[in-house]
Amino acid sequence: QVQLVESGGGLLQAGGSLRLSCAATGTIVSINAMGWYRQALGNERELVATITSGGSTNFADSVKGRFTISRDNAKNTVYLQMNSLKPEDTAVYYCNAVIKTPWLTAPNAYWGQGTQVTVSS
C-alpha cells in the first residue's frame, strides 16, 4: 500500500517562507512525476508545480519566481519551497505522485492528505 505523507504547513505572515515535504512510503517500484496542487476555500484544486523523475519542472504562473520544487529520489520525497508568500497563497496543499507498484501493470496517481498553509496580511 502506498501513502504520501505531507508535512510543513502552517500559519505565517505575508512575505515569509515555508517548505513543504511529501514522502512516498510503501512498496514502490518507481516514481514518475511528483507535484503539488492547492485548493483554496470555494475554489477548484489547481496545479502549483510538478517535477519529473529527470528533474524537469513546471510551475503555475502565479508562483513562478517565488516557489521552487525539488525531489530526493533516494528518499522518494518531493519538496516545495515557498518564498515571498502572499495571502492569496492560502490554501490546502496536496502532494501528488505517479507511482508504479508491483501489483499494477501501469503507474497510478496517488494523493496526500493535504496540509494547510495560511498567509496573513
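For the structure itself, consult the block above.
Residues numbered from 1 in each chain as written. Predicted model: local features only at pLDDT ≥ 70, side-chain atom pairs only at ≥ 80, totals over all residues. Heavy atoms only, no water.

A. The arrangement of the pairing of strand E7 (residues 67–72) in detail. On E7, burial follows the alternation: Phe67, Ile69 and Arg71 on one face are buried, whereas Thr68, Ser70 and Asp72 on the facing-out side are not. Bridge analysis of E7 against strand E8 (residues 77–82) gives six bridges, and the strand direction is antiparallel. When the sheet's bridge partners are listed, Ile69 is paired in E8 with Leu80. Connecting E7 to the next strand, E8, in antiparallel fashion are four residues, including Asn76 with a positive phi near 55°. (Buried < 20%, exposed > 50% of the residue type's maximum accessible area, 1.4 Å probe, protein only. Helix = DSSP H or I, 4+ residues; strand = E, 2+ residues; numbered from the N terminus. Pairing = 2+ DSSP bridges.)

B. How the structure looks around the pattern of salt bridges. Enumeration according to the criterion identifies four salt bridges in this entry. Two residues, Asp89 and Arg38, come together in a salt bridge whose shortest N-O distance is 3.0 Å. You can see Asp89 sitting in the loop between E8 and strand E9 (91–100) and its partner Arg38 sitting in strand E4 (residues 30–39), a full 51 residues away along the chain. Each member of the pair, Asp89 as well as Arg38, is classed as buried. Between Lys64 and Asp61 there is a salt bridge, with its nearest N and O atoms 3.1 Å apart. Using a relative accessible area of 66% as the deciding quantity, one classes Asp61 as exposed. By sharing partners, the salt bridges in this structure join Arg38, Glu46, Arg66 and Asp89 into a single network. (Salt bridge = Lys/Arg side-chain N within 4 Å of Asp/Glu carboxyl O.)

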